[in-house]
Amino acid sequence: MWLNLKFLSWLVLAVGAIHCQAYVHHTFVVKETPYTRLCSTKNILTVNGQFPGPALHVHQGDTIFVDVHNQGNFNITIHWHGIKQPRNPWSDGPEYITQCPIQPGGKFRQKIIFSTEVGTLWWHAHSEWWRATVHGAIIIHPKKGTKYPFPLPHAEVPIIFGEWWKQEILAVYNEAIFTGGAPNVSDAYTINGQPGALYPCSKPDTFKLKVDHGKTYLLRLINSAVMDILFFAIAKHNVTVVGTDGSYTKPLESSYVTISPGQTIDVLLKANQKSDHYYMAARAYSAAPGVAYDNTTTTAILEYNGNYTPSSSPSLPNNLPYFNNTNASVSFTSSLRSLADKNHPVSVPINITKRLFFVISVNTFPCPNNSCAGPNGTRLATSVNNISFVNPYIDILQAYYGHINGVFGTNFPDFPPYLFNFTAEDLPLYLETPRHGTKVKILKFNTTVELVFQGTTLVGGNDHPMHLHGYSFYVVGMGLGNFDKDKDPLRYNLVDPPFMNTIAVPLDGWTAIRFRADNPGVWFLHCHFDRHMTWGMDMAFVVKNGKGRKQHILPPPPDMPPC
């Protein structure tokens, strides 16, 4: 269906472009590999046999190629989280949004175009829940000839948070789909692939960060967890936040960090305490009533170098917030600020030409004879503006640019169909049932967008870490309760808001973001709790081409996976 004259001309341009420049190439081999955790061994899906997967090192503005070979037994796609991929949605990675999956035995060369990003991002699988084990860090160094806007650290260390199930992750996914209920929670959290000393059979392999007294270390925090927002802290040490989601921030000293699934945070750690061993610890933030969560704690060891006798047992950080401390979560996130200096200016859209109000909800669908495992025999679902997203049979990007009809609708609503007290304790049951749909919102090139996410208490409510592909956005406001269109914008931060790609909408609250739609293509918006994404808390933006050639989408690569 793609073999038309327009597509063939794109192929000629694409092949010519590849041969005109020399780029760095990486090879990702997706395959099953045995790993032992929590006293048992199982095969997990990995990249190059590594868990977590290999880190990619680039400089700001680089372009690289990654050859993804699927030697596993399941379909797979790889997403480059937070990389804007200007004019190049073909390599963005979300399954059935910008590509069909790479089938077993297949391969796909993905062109990764870096632009303004600097700091820490990450890559991960974007099909089913394979990202539980298929993920890794992306380290974006400053452009050659430039330096960090903070003192050069002695060393830089990725700290990747994850989850581990004793079950096969596919079995967890399939059971949730089959029963319609909530998935089984993980059996452990991990730091750099290791659960830590508080879990059985795990103490000897606990990750250790060795430091010299008086020196400063850059910790690149990545939350790859499938289901949970996490609190993180280091016993008797504060950290200073200097970046988030591939963008610098004003220095923010804190005794703990709140990090959502999909989010990255760069922190400076000064080794300024008595030489000893200290626990680094992470555990869930989960304040939604009735929602099961993994209530365990993962640990790593901060170990000072030198000759001394360490304490018999490291102590846990006493500044790690309690699991349901919503104020701690919101307070940390709302304290982030862009660096906003002459070398790192901000460009917050002021004159808004498109206002969107997206109500994001947990929902339910009825089941025959109340036979499902959701509340009162229903099937759990999620929605954006009362539409629960359904994956199409081919990817939306191919359908849009190939003019294939019947794949998606273009009438995604700017506002919800019902206005009600979104955060009331008792809401009528009819509000819980959304509609199925595969709809997109079409934006003209250079549209300035304000998007307000509003959470609800439907089916108990939840926090929602929302991620937008192809863009970073300014988080101009956040609050608890219902958004007030007259009062809340008066409190927006339009001076130095953080520039992010993933932002948590607080439980029973709202978050406002702004961005300029200057990256043509099809771009996915979804909750980064994988259960919520699977249940339908997704939609896609189609940003039209601009007038000039440099405002047009690039040609597709010649080896797009078949549908």
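Computed from a predicted structure; not experimentally measured.

With that out of the way, let us pick up unusual backbone geometry. Residue proline 52 follows phenylalanine 51 across a cis peptide bond; omega there is -10 degrees. By the element assignment, proline 52 lies in the loop between strand S2 (40-47) and strand S3 (56-59). If you check the backbone angles, lysine 236 has positive phi at about 65 degrees while not being a glycine. Among the structural elements, lysine 236 can be located in the loop between strand S13 (229-234) and strand S14 (239-244). Of note, the phi angle at aspartate 508 is positive, near 55 degrees, even though the residue is not glycine. Of note, aspartate 508 is situated in the loop between strand S29 (502-505) and strand S30 (509-517). Taking relative accessible area as the criterion, aspartate 508 reaches 23% and is therefore assigned partly exposed.

What follows deals with the packing of aromatic side chains. Within this structure, the stated rule accounts for 31 aromatic pairs. Measuring from centroid to centroid gives 5.5 Å for phenylalanine 231 and tyrosine 285, while their planes differ by 55 degrees, and the two rings are tilted. Taken together, the residues phenylalanine 231 in strand S13 and tyrosine 285 in strand S18 (residues 277-285) connect sequence positions 54 residues apart. Overall, tyrosine 285 belongs to the buried group, its relative accessible area being 3%.

Across all of its chains, the model carries five cavities of 30 Å³ or more by this definition. Here the largest cavity is characterised by a volume of approximately 100 Å³. Taken together, 13 residues line the largest cavity, and the ones lying closest to its centre are Val359, Ser361, Asn386, Phe420 and Leu458. Residue classes in the lining of the largest cavity are distributed as eight nonpolar, five polar and no charged.

On to the confidence of the model for the chain, then. Averaged over all residues, the pLDDT of the chain equals 95, while 96% of them reach at least 70. The low-confidence segment residues 1-20, where pLDDT is below 50, has 23 contacts with residues more than four positions distant or belonging to other chains.

Following the criterion strictly, the structure yields three disulfides and no others. Through a disulfide, cysteine 100 is tied to cysteine 563; the S-S separation comes to 1.8 Å. Taking the sign of the torsion about the S-S bond as the criterion, the disulfide between cysteine 100 and cysteine 563, at about 90 degrees, is right-handed. Here cysteine 100 is found in the loop between strand S5 (78-81) and strand S6 (107-113), whereas its partner cysteine 563 is found in the segment after strand S32 (538-543), with 463 residues between them in sequence. Between the sulfur atoms of cysteine 367 and its disulfide partner cysteine 372 the distance amounts to 2.0 Å. Taking the sign of the S-S torsion, about -90 degrees here, the bridge from cysteine 367 to cysteine 372 comes out left-handed.

Listed as buried for helix H3 (residues 326-334) are Thr326, Ala328, Ser329, Val330, Phe332 and Thr333. The backbone nitrogen of asparagine 327 lies 3.3 Å from a side-chain oxygen of the residue at the head of H3, namely asparagine 325.

In terms of burial, S30 is a largely internal element, eight of the nine residues being buried. Note that strand S25 (residues 447-455) and S30 share eight bridges and pair antiparallel. Residue valine 449 lies in a different strand from S30, and its bridge partner there is phenylalanine 515. Sheet topology note: the strand S27 (residues 473-480)/S30 ladder contains six bridges and is antiparallel. Its bridge partner being in S30, leucine 480 is matched across the sheet by glycine 509.

Right, let's talk about the environment of tyrosine 35 for a bit. Among the structural elements, tyrosine 35 can be located in strand S1 (residues 24-37). Owing to a relative accessible area of 16%, tyrosine 35 belongs among the buried residues under this scheme. Side-chain polar atoms of tyrosine 35 contact the backbone nitrogen of phenylalanine 51, separated by 3.1 Å.

Moving on: the nonpolar core. With 82 residues, the main nonpolar core has Leu219, Leu221 and Phe358 as its most contacted residues. Apart from residues lying up to four places away in sequence, phenylalanine 358 is in contact with Val384, Asn385, Phe412, Pro413, Asp414, Leu451, Val452, Phe453, Gln454, Leu525, Met539 and Phe541.

Another point: the layout of surface pockets. One number sums up the size of the largest pocket: a volume of about 870 Å³. What lines the largest pocket is a set of 35 residues, among which Lys84, Thr116, Pro345, Tyr474 and Phe499 lie closest to the centre. Secondary-structure elements contributing two or more residues to the lining of the largest pocket are strand S15 (247-254) and S30. In terms of residue count, the dominant contributor to the lining of the largest pocket is S30 (three residues). In terms of residue class, the lining of the largest pocket is made up of 15 nonpolar, 13 polar and seven charged.

The next point concerns the sheet that holds S2. Ordered in space as S2-S1-S4-S6, the four strands form an open sheet in which the pairing is mixed. The sheet is open, and its two borders are formed by S2 and S6, each paired with just one other strand. Adjacent strand axes in the sheet meet at a mean angle of 25 degrees when their direction is disregarded. Of the strand pairs in this sheet, S1 and S2 are connected by eight bridges, and their pairing is antiparallel. Looking at the pairing, valine 30 lines up with valine 47 of S2.

With that out of the way, let us pick up the sheet that holds strand S24 (residues 440-443). If you walk across this open sheet you meet the five strands as S24-S32-S31-S26-S29, and the pairing is mixed. Taken across any chain shown, the strands that pair with only one partner, and hence form the sheet edges, are S24 and S29. Across the sheet, the mean angle separating the axes of adjacent strands is 20 degrees when strand polarity is ignored. Of the strand pairs in this sheet, strand S31 (residues 521-527) and S32 are connected by six bridges, and their pairing is antiparallel. Paired with leucine 525 across the strands is methionine 539, a residue of S32.

Conventions adopted
- Residues numbered from 1 in each chain as written.
- Predicted model: local features only at pLDDT ≥ 70, side-chain atom pairs only at ≥ 80, totals over all residues.
- Heavy atoms only, no water.
- Helix = DSSP H or I, 4+ residues; strand = E, 2+ residues; numbered from the N terminus.
- Buried < 20%, exposed > 50% of the residue type's maximum accessible area, 1.4 Å probe, protein only.
- Phe/Tyr/Trp six-rings, centres within 6.5 Å; stacked < 30°, edge-to-face > 60°.
- 1 Å grid on protein atoms, 1.4 Å probe; cavity = no way out; pocket = protein on both sides within 12 Å on 5 of 7 lines; lining within 4 Å.
- Points joined across faces, edges and corners; volume = space filled by probe spheres on them.
- Nonpolar A, V, L, I, M, F, W, Y, C, P; charged D, E, K, R; others polar.
- pLDDT = per-residue confidence, 0-100.
- Contact = heavy atoms within 4.5 Å.
- Disulfide = S-S within 2.5 Å.
- Polar contact = N/O pair within 3.5 Å; in protein donor to acceptor, adjacent residues only side chain to side chain.
- Pairing = 2+ DSSP bridges.
- Core = buried A, V, L, I, M, F, W, Y, C linked by side-chain atoms within 4.5 Å.
- Axes fitted to C-alpha atoms, helices over the stretch in contact; angles between N-to-C directions.

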